[in-house]
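Residue-level listing of the chains:
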Amino acid sequence: MDYKKAGVDIEAGYKSVELMKEHVKKTLRPEVLGGLGGFSGAFSLAKIKEMEEPVLLSGTDGCGTKVKLAMIMDKHDTIGIDAVAMCVNDIACAGGEPLFFLDYIACGKNYPEKIASIVKGVAEGCLQSEAALIGGETEHPGLMPEDEYDLAGFAVGVCDKKDMITGEDLKAGDVLIGMASSGVHSNGFSLVRKVFEMTKESLDTYYDDLGTTLGEALLAPTRIYVKALKSIKNAGVKVKACSHITGGGFYENIPRMLKDGVKAVVEKDSYPVPPIFTKLAKEGNVDEHAMYNTYNMGIGMIVAVDPADVDKTIEAIKATGDTPYVIGHIEDGEKGVTLC
């Protein structure tokens, strides 16, 4: 008996590391100390000394059951973007700059090419968010079937305390600007998998109303908004409040950006709802409230700004390739959100 017969192929692990190195190297920032393969990831905090009162921000998340679609479609090179996005978007939402990311891949068996493909996506997410990929963990035989895996991650960011987005300065009349999502992102897939048939044939079916196959529409990687929020800050705009629209949709996430005594009013027809949500609601007979209480409905990030800053904010968002919409405003009232 040896470790390989017990289910752990050390040689496959070595090969996975070699295959992923080229992707990891692309993400390295000047602050990263040492290389891939150490017992810990080292990151210099020298630049933080320039801040008045540095605050570390952290985020951890996974891709949920979206990984099941990747496995059915045997397409693993974008799911890593989702894992990064779910963490770094939360950090950016608080006003932070993501510094580094670590991934966790639990798999029944280490297939080096598959692991490298997953890490390729993780590295792409890190590039999009300008975070360094400085470590990870993989392979857990016996935890799940050999062909299956789960993916999660952890990110750390930083901001000067004076630049944190807290919602404390929100007032009636402030404007809500939403940034377009790329689709379902990484939340609500338990419902998605109940509505649509989860077979290779079904997911490979092309639909005119989607302009793509069902699988491609559902697997579209989560949009990363780090650069858009950084662009707004660099434009001299103060973001008063910010909400990352994840699980819980509009009804759960928008109130999280509000202080007591104000409410958000969102106009549903102020932006186009992507066809994947229309199809999901129709095929699953999901009522409108449940859709807005589960999904991002086409808006992945919302910022609240002073009316005088709306034009500058929109231009800053467009400059990073994101699509902004004025979707509502802030009113005095009981903390919450009204969709009209």
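Numbering of residues starts from 1 in every chain and runs along the sequence as written. In view of the model being predicted, local features appear only for residues whose pLDDT reaches at least 70, and side-chain atom pairs are presented and counted only at 80 or more, with totals across whole chains, interfaces and linings using the full set of residues. Only heavy atoms go into the side-chain values, all of them from the structure, while hydrogens and water stay out.

It is worth spelling out the overall build of the chain at this point. Summing up its helical and strand segments, the chain has 12 helices and 14 strands in all. Only C-alpha atoms enter the radius of gyration, while the globule expectation follows 2.2 Å times N to the 0.38, with N the number of residues. Over its C-alpha atoms the chain spans a radius of gyration of 21 Å, differing by no more than 12% from the 20 Å that the globule rule assigns to 340 residues. With respect to the three principal axes, the spread of C-alpha positions in the chain is 70 × 55 × 30 Å. Residue burial is assigned from relative accessible area. The probe radius is 1.4 Å, only protein chains are included, and a residue is buried under 20% of its type maximum, exposed over 50%, and partly exposed in between. Each of the 340 residues in the chain was classed as buried or not, and the buried ones make up 51%. Relative to all contacts within the chain whose residues are 6 or more apart in sequence, the contacts with residues 24 or more apart total 86%. Accessible surface, the chain as shown: approximately 15600 Å² in total, 51% of it carbon and sulfur. Segments assigned H or I by DSSP are reported as helices when at least four residues long, segments assigned E as strands when at least two residues long, and all are numbered from the N terminus. Contacts between residues were defined by any pair of non-hydrogen atoms, one from each residue, lying within 4.5 Å. The accessible surface values rely on the Shrake-Rupley method and a 1.4 Å probe; as for residues, cover is taken only from the protein chains in view.

The next subject is the nonpolar core. Core analysis: the biggest nonpolar cluster contains 91 residues, and Leu218 and Phe250 have the highest contact counts within it. If you tally residues by element for this core, the top one is helix H3 (residues 79–93), at 10 residues. Those residues in contact with Leu218, other than ones at most four positions away along the chain, are Lys66, Leu69, Val184, Phe189, Val192, Phe196, Leu203 and Ile276. In terms of nonpolar packing, the next biggest core, distinct from the first, is built from 9 residues, Ile48, Ala132, Val156 and Val158 among them. Definition used in this section: a nonpolar core is a set of buried Ala, Val, Leu, Ile, Met, Phe, Trp, Tyr and Cys residues joined via side-chain atoms within 4.5 Å.

Following both chains from N to C, one finds H3 and helix H4 (residues 112–129) inclined at 40°, their axes separated by 6 Å at the closest point. Classified by the angle their axes make, H3 and H4 are oblique. Viewed along their axes, H3 and H4 form a crossing whose handedness is right-handed. In this structure, H3 uses Ile79, Gly80, Ile81, Val84 and Val88 to contact H4, whose residues at the interface are Ile118, Gly121, Val122, Glu124, Gly125, Cys126, Gln128 and Ser129. Here the nonpolar group is Ala, Val, Leu, Ile, Met, Phe, Trp, Tyr, Cys and Pro; Asp, Glu, Lys and Arg are the charged ones; every other residue, Gly included, is treated as polar. The residue makeup of the contact of H3 with H4, split by class, is 7 nonpolar, 5 polar and 1 charged. Only the contacting stretch of a helix is used when fitting its axis, a line to C-alpha atoms as for every element, and angles between N-to-C directions run 0 to 180 degrees. Should an angle fall under 35 degrees it is taken as roughly parallel, and over 145 as roughly antiparallel, whereas 65 to 115 is taken as roughly perpendicular and any remaining angle as oblique. Working rule for handedness: look at the near helix, and if it is turned counterclockwise from the far one by less than a right angle, call the crossing left-handed; if clockwise, right-handed.

Before going further, it helps to spend a moment on unusual backbone geometry. The backbone of His185 sits at a positive phi, close to 60°, despite the residue not being glycine. Phi is positive for Asn285, close to 55°, though the residue is something other than glycine. Locating Asn285 in the fold gives a position in the loop between helix H10 (275–284) and helix H11 (288–292).

Let us look at the packing of aromatic side chains. When two rings of Phe, Tyr or Trp (its six-membered ring) have centres within 6.5 Å they constitute a pair, described as stacked for plane angles under 30 degrees, edge-to-face for angles over 60, and tilted for the intermediate range. Summed over the entire model, instances satisfying the criterion amount to 4 aromatic pairs. Relative to Tyr292, the ring of Phe250 has its centre 5.3 Å away and its plane inclined at 90°; by these criteria the two rings are edge-to-face. With Phe250 in helix H9 (residues 249–253) and Tyr292 in helix H11, this pair connects stretches of sequence that are 42 residues apart. Look at Phe250 and you get buried, because its relative accessible area is 0%. A relative accessible area of 4% means that Tyr292 is categorised as buried.

Turning to the sheet that holds strand S3 (residues 54–62), a few remarks are in order. If you trace the 4 strands from one edge of the open sheet to the other, you get S3-S6-S4-S5, paired in mixed fashion. Because the sheet does not close on itself, it has two edges, and the strands there are S3 and strand S5 (132–138). Each strand of the sheet is rotated relative to its neighbour by a mean of 15°, with strand direction disregarded. Relative to S5, strand S4 (residues 97–107) runs parallel, the two sharing 6 bridges. Residue pairing for S5: Leu102 is matched across the bridge by Gly135. Taken strand by strand, H4 contacts S4, S5 and strand S6 (149–160), and its axis lies near 165° from that of S4. Think of it this way: DSSP has to see at least two bridges between two strands before they count as a pair.

A few words now on the pattern of salt bridges. Any two side chains of opposite charge can pair, on the condition that their charged atoms come close. By salt bridge we mean one thing: a side-chain nitrogen of Lys or Arg within 4 Å of a carboxyl oxygen of Asp or Glu. Scanning all chains against the criterion turns up 18 salt bridges. The residue Asp174 makes a salt bridge to Lys240 at a minimum N-O spacing of 3.1 Å. Remark: Lys240 occurs in the loop between helix H8 (226–234) and strand S10 (241–244) and Asp174 occurs in the loop between S6 and strand S7 (175–180); sequence separation between them is 66 residues. For the pair shown, Asp174 and Lys240 are each scored as buried. A salt bridge links Asp322 to Arg223, with the nearest nitrogen and oxygen atoms 2.7 Å apart.

So, on to the environment of Met20. Its location among the elements puts Met20 in helix H1 (residues 10–25). Here Met20 falls in the buried class, since its relative accessible area comes to 12%. Separated by 93 residues in sequence, Met20 and Glu113 place their C-alpha atoms 8.9 Å apart.

For a helix, the expected span equals 1.5 Å multiplied by the residue count minus one. For H3, with 15 residues, the first-to-last C-alpha span of 21 Å sits near the 21 Å given by 1.5 Å per residue. Bend at a given residue is defined as the angle between two axes, one fitted to the seven residues that end at that position and one fitted to the seven that begin there. At Ala85, H3 shows its largest kink, close to 30°. For H3, the buried fraction is high: 14 of the 15 residues fall into the buried class.

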